[in-house]
Amino acid sequence: MHLIFGGTFDPIHNGHLRLAVELRERLGVPRVALMPCHIPPHREQPGTSSDDRLHLLELAIGNEPGLHVDPRELGRSGASYTAESLRQLRKELGDQKSIAMVVGTDSFASFHKWQDWQSIPDLAHIIIVNRPGVDLDPDSEAGRLLAERQAKEAAELEASPAGLCFRMNLPLLAISATGIRDRIRSGRSPRYLLPDRVWEEIQARQLYGLKS
Ligand code: ATP
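One structure accompanies this document, and this report is about it. Worth saying up front: this structure is predicted, and the values here are computed from it rather than measured. (Residues numbered from 1 in each chain as written. Predicted model: local features only at pLDDT ≥ 70, side-chain atom pairs only at ≥ 80, totals over all residues. Heavy atoms only, no water.)

## Describing the environment of Trp199
Okay, so step 1: As for its position among the elements, Trp199 is in helix α9 (residues 196–205).
Okay, so step 2: In this structure the C-alpha to C-alpha distance between Trp199 and Ile39, which are 160 residues apart in sequence, comes to 23 Å. (Helix = DSSP H or I, 4+ residues; strand = E, 2+ residues; numbered from the N terminus.)

Printed below as a string of structure tokens:
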């Protein structure tokens, strides 16, 4: 199974990294692709450039063999639409390969607002990770999609190329990129919420409104 974990990663933090490791182990996949978006269509624009976010992501992953970066969205101009990325990947990997993308319940709740969202289940499975404090309304588009396509076991995802939704409860660290950006802007330390190498680079490049 080809597993993609997309996000703004503004900046990458230990909550993202731990989630990627937990997913890899629980789903038994060799690697997880972290796919940073260039221009997120549904939220405020990132606090730093795509190049900086990519660089921080690469530093965070280092030599960890179970994680890698898929920079495809950074190479496209305009908004980063997941459906387009999945279509590209499907072409590259062929019709039979199982592809799954990971979303938090926070993102999945507004799934019906994503560009061309109806085509996404034909392209990939969707793994929905519960985030504390975000419930999924069973009467929403996302809730209905989940009910119609829900897989009972992770093994089902490997057995077909696309089309299923799978909800997972994983231990999540209470870390958000928003909290990290706020800390930096207000002169407080984000240390231990993100890898040291990432924090050192943020300081070296004076990102996120860091005051020297
Ligand atoms: P922001 O605070 O800027 O919204 P974020 O920390 O939520 O950022 P994103 O880049 O928006 O990070 O998230 C990418 C993906 O990672 C989303 O699917 C989101 O649900 C998930 N995610 C974010 N924070 C955590 C965390 N602490 N633990 C597990 N997953 C997380």
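## Remarks on the pattern of salt bridges
Side chains bearing opposite charge may pair, as long as their charged atoms lie close to each other.
Okay, so step 1: Within this structure, the stated rule accounts for 14 salt bridges.
Okay, so step 2: For Arg87, the salt bridge is made with Asp116, and the minimal N-O distance between the two is 2.3 Å. With Arg87 in helix α3 (residues 82–93) and Asp116 in the loop between α4 (105–108) and α5 (120–123), this pair connects stretches of sequence that are 29 residues apart.
Okay, so step 3: Judged by relative accessible area, Arg87 falls into the partly exposed class, the value being 36%. (Salt bridge = Lys/Arg side-chain N within 4 Å of Asp/Glu carboxyl O. Buried < 20%, exposed > 50% of the residue type's maximum accessible area, 1.4 Å probe, protein only.)

## Some details on helix α8 (residues 177–185)
Okay, so step 1: Ala177, Ile180, Arg181 and Ile184 are the residues of α8 that are buried. Projected down its long axis, α8 shows its buried positions confined to an angular sector of 100°, all on one face.
Okay, so step 2: Looking one or two places after α8, you find Gly187, whose phi comes out positive at around 80°. (Arc of directions from axis to C-beta.)

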